[in-house]
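Coordinates in review
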Amino acid sequence: MAKDPRRIETRVAQAGRDHARSDGAVNPPVHHASTLIIDHVEDLYGEAKRTYALDGMSVHEALKEALIAVEGGAGATLAPSGLAACTLALLACVREGGEALVTDSVYKPTRRFCDRMLKRLGVRTRYYDPGIGAGIAELITDATCAVFLESPGSLTFEVQDVPAIAAAARARDAATIIDNTWSAGVYFKPFAHGIDLSIQALTKYQGGHSDLLVGAVLARSKDWQARVFAAAKELGLGVAPDDAYLALRGMRTMLARLSQQSASALKIAQWLETRAEVARVIHPALESHRDHALWRRDFSGASALFGFVLRPCAPEKLKAMLEGFSVLKMGFSWGGYESLIVPCSEQLVRTARPWREEGELIRLSVGLEHPDDLLADLEAGLARLA
Ligand SMILES: Cc1ncc(COP(=O)(O)O)c(C=O)c1O
């Protein structure tokens with residue numbers, strides 16, 4: 001398909017708006033459907049026509065078109081959550097007796113899937129240092145089916161050398177999968193860097209309102225798209241039409257939300273760097289970030305999720321800080337219009353590159369509130385550590 005020369009704002013406003021499909025309305029219809037009526041016997045069997053709603057209705061097609069308009073690729077497959085998109089992509093690539101190489105910075109439920117389900121299916125997982133870069137070549141064997149990246153890691157924010165890893169994997173015919181949720185597909189373009197499959201948890205920035213769970217796997221080529229779509233069909237994965245509609249609706253305003261949230265997040269990260277209570281701020285757009293040069297090279301921006309490490313403090317002080325906020329709330333997701341804060345040290349699992357920070361790791365998802373109100377809330381919170 002020819003590349004759309006228009007800018008991303010225009011593409012995301014236009015994508016999936018086939019007026020014939022929507023009875024003249026701006027937005028696509030939401031069909032609550034399982035059964036599709038088929039008029040001709042010759043259309044009942046065979047692959048040519050859609051025969052069941054699980055294959056996707058207009059609203060699903062429109063959402064996929066919007067995802068491709070943002071991130072590129074030859075196709076997209078929807079999944080009932082971001083985690084289901086991660087597991088779908090892995091299942092589409094692995095085989096019994098094979099192995100997956102997975103970044104040590106991976107989202108913990110993806111790790112759980114590898115350690116339990118893939119293991120039961122006879123697939124071995126080895127975790128690698130997210131900073132490995134071209135060194136991944138030494139880990140790839142004939143058994144390696146897939147190399148899984150998450151960049152930046154959604155708790156510890158290491159930025160990976162994606163082109164180097166993708167090139168090494170391609171040289172050995174291993175598939176590359178990246179969880180690209182942090183960039184929302186806006187700030188990082190995996191297919192331009194040689195990746196085969198890109199995952200988006202649409203639950204986060206695309207949805208943007210913390211009221212849905214949807215995921216997607218985008219594919220570099222038609223072949224990869226066919227493989228993932230077939231796996232989703234074999235697994236029986238579907239997405240409710242209302243959720244697909246909400247995800248698409250969220251995408252129409254995503255760029256505006258992202259730019260405001262990202263600017264607030266950077267302002268807050270810079271402020272946190274000046275605070276004595278904070279040992280380290282982990283935001284890829286800060287020059288102090290270990291992988292800042294990689295981020296500058298490969299990303300066009302930063303989203304609004306980042307971390308910071310507190311100086312060691314008593315657990316009751318930490319509890320007082322976290323429970324006393326007025327604007328910030330504690331919660332495990334991110335990317336919504338509302339700011340969230342969560343202590344993360346307890347959920348860190350590292351086996352390839354140990355995490356050596358002593359103080360608590362805090363993750364902040366910055367929302368659309370005024371940044372000065374968030375700063376005031378944080379300032380009062382840090383004072384509770386004293
Ligand atoms: C990086 C990353 N990938 C995937 C997911 C899973 O998304 P969902 O909550 O839609 O299952 C999350 C959720 O927090 C995440 O942080």
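Residue positions are given per chain, counting from 1 as you read along its sequence in written order. Local features in this predicted model are restricted to residues whose pLDDT is 70 or higher, and side-chain atom pairs enter the listing and the counts only when it is 80 or higher, whereas totals over whole chains, interfaces and linings include all residues. Processing note: side-chain calculations cover all non-hydrogen atoms of the structure and skip hydrogens and water entirely.

Moving on, we get to the site of the ligand. If even one non-hydrogen atom of a residue comes within 4 Å of a molecule or strand, that residue is called near it. Taken together, Ser81, Gly82, Leu83, Tyr107, Glu150, Ser154, Asp179, Ala201, Thr203, Lys204, Leu213 and Trp334 make up all the residues around the ligand. Polar contacts, as counted here, are pairs of nitrogen or oxygen atoms within 3.5 Å of one another; within protein the pair requires one atom able to donate a hydrogen and one able to accept it, and residues that are adjacent in sequence qualify only if both atoms are side-chain atoms. Thr203 is positioned such that a nitrogen or oxygen atom in its side chain is 2.5 Å from an oxygen atom of the ligand. Lys204 places a polar side-chain atom, nitrogen or oxygen, 2.8 Å from an oxygen atom of the ligand. Throughout, the Shrake-Rupley method with a 1.4 Å probe supplies accessible areas, and for residues the shown protein chains are the sole cover considered. For the ligand, whose unbound accessible area comes to 390 Å², protein coverage reaches 92%. Most atoms of the ligand, that is more than half of them, are within 2 Å of grid points of the second largest pocket. Residue composition of the shell around the ligand, by class: five nonpolar, four polar and three charged. Here the term cavity refers to a set of points on a 1 Å grid, laid over the protein atoms alone, in which a 1.4 Å probe fits but cannot get out; the term pocket refers to an open set having protein on both sides within 12 Å along at least five of seven lines, with lining residues being those that place an atom within 4 Å of a point. Being in a pocket or cavity means that more than half of the molecule's atoms lie within 2 Å of its grid points. Polar here means any residue other than Ala, Val, Leu, Ile, Met, Phe, Trp, Tyr, Cys and Pro, which are nonpolar, and Asp, Glu, Lys and Arg, which are charged; Gly is therefore polar.

Grid points are joined across faces, edges and corners, and a volume is the space filled by probe spheres set on the points. With the rule as written, the count across this model stands at two cavities of 30 Å³ or more. Empty space within the largest cavity amounts to approximately 80 Å³. Lining of the largest cavity is provided by Asp104, Ser105, Val106, Lys108, Arg111, Leu155, Thr156, Gln347, Leu348, Val349 and Arg350. A per-class count over the lining of the largest cavity returns four nonpolar, three polar and four charged. For the second largest cavity, the calculated volume is near 30 Å³.

This next bit is on the pattern of salt bridges. A side-chain nitrogen of Lys or Arg and a carboxyl oxygen of Asp or Glu constitute a salt bridge if their distance falls within 4 Å. With the rule as written, the count across this model stands at 22 salt bridges. The shortest N-O distance in the salt bridge between Arg21 and Glu65 comes to 3.6 Å. A residue pair is termed long-range when its members are at least 10 positions apart, and Arg21 in the loop between helix 1 (8-14) and helix 2 (58-71) and Glu65 in helix 2 qualify at 44 residues. Think of it in three bands: with a 1.4 Å probe and only protein chains considered, a residue is buried below 20% of the maximum accessible area for its type, exposed above 50%, and partly exposed in between. On the accessibility criterion, Arg21 (25% relative accessible area) is partly exposed. Judged by relative accessible area, which is 36%, Glu65 ranks as partly exposed. Each of Asp104, Arg111, Glu158 and Arg350 takes part in a single network of salt bridges with overlapping partners. Secondary structure elements follow DSSP: runs of H or I no shorter than four residues count as helices, runs of E no shorter than two count as strands, and numbering proceeds from the N terminus.

So, on to the layout of surface pockets. Leftover empty space is mapped by rolling, across the atoms, a probe with the size of a water molecule. Estimates place the volume of the second largest pocket at around 580 Å³. Taken together, 28 residues line the second largest pocket, and the ones lying closest to its centre are Tyr107, Pro109, Phe332, Trp334 and Arg363. Considering every element that reaches the lining of the second largest pocket, the biggest residue donor is helix 3 (residues 82-93), with three residues. Residue classes in the lining of the second largest pocket are distributed as 12 nonpolar, nine polar and seven charged.

Moving on: the packing of helix 2 against helix 7 (residues 241-273). Two numbers describe how helix 2 lies on helix 7: the axes approach to 9 Å, and their chain directions differ by 30 degrees. As far as their axial angle goes, helix 7 and helix 2 are roughly parallel. The chirality of how helix 2 crosses helix 7 is left-handed. Here Val59, His60, Ala62, Leu63, Ala66, Leu67 and Val70 of helix 2 come into contact with helix 7, specifically with Pro241, Ala244, Tyr245, Ala247, Leu248, Met251 and Met254. A breakdown of the residues in the contact of helix 2 with helix 7 according to their chemical character gives 13 nonpolar, one polar and no charged. Angles run from 0 to 180 degrees between N-to-C directions of axes, and those axes are lines fitted to C-alpha atoms, restricted for helices to the stretch in contact. Orientation categories follow fixed angle ranges, with anything under 35 degrees roughly parallel, anything over 145 roughly antiparallel, 65 to 115 roughly perpendicular, and all other angles oblique. Should the near helix be turned anticlockwise from the far one by less than a right angle, the crossing is left-handed, and should it be turned clockwise, the crossing is right-handed. Should any heavy atoms of two residues lie within 4.5 Å, those residues are considered in contact.

Before going further, it helps to spend a moment on the sheet that holds strand 7 (residues 215-219). Read across the sheet, seven strands follow the order 1-7-6-5-4-2-3 without closing on themselves; strand pairing throughout is mixed. Sheet topology places strand 1 (75-79) and strand 3 (124-128) at the edges, where each strand pairs with a single neighbour. The mean angle between the axes of side-by-side strands here comes to 20 degrees, regardless of whether they run parallel or antiparallel. Strand pairing is assigned whenever DSSP detects at least two bridges linking the two strands. Sheet topology places strand 6 (residues 197-201) next to strand 7; five bridges connect them, and they run antiparallel. Counted as the bridge partner of Ser198 is Leu218 from strand 7.

Put simply, two rings from Phe, Tyr or Trp (the six-membered ring, in Trp's case) pair if the centres are within 6.5 Å, and we call them stacked under 30 degrees between planes, edge-to-face over 60, tilted for the rest. A complete count under the given rule lists three aromatic pairs for this structure. Taking the centre distance of 5.8 Å and the plane angle of 75 degrees together, the rings of Trp182 and Phe299 count as edge-to-face. In this pair, Trp182 sits in the loop between strand 5 (175-179) and strand 6 while Phe299 sits in the loop between helix 8 (292-298) and strand 9 (305-310), placing the two residues 117 residues apart along the sequence. Accessibility expressed as a relative area gives 3% for Trp182, which makes it buried. Pairing Phe188 with Phe299 gives two aromatic rings, centres 4.8 Å apart and planes at 25 degrees, and the pair type is stacked. Pair noted here: Phe188 is in the loop between strand 5 and strand 6 and Phe299 is in the loop between helix 8 and strand 9, with a separation of 111 residues, a long-range link. According to the relative accessible area criterion, Phe188 is buried, its value standing at 1%.

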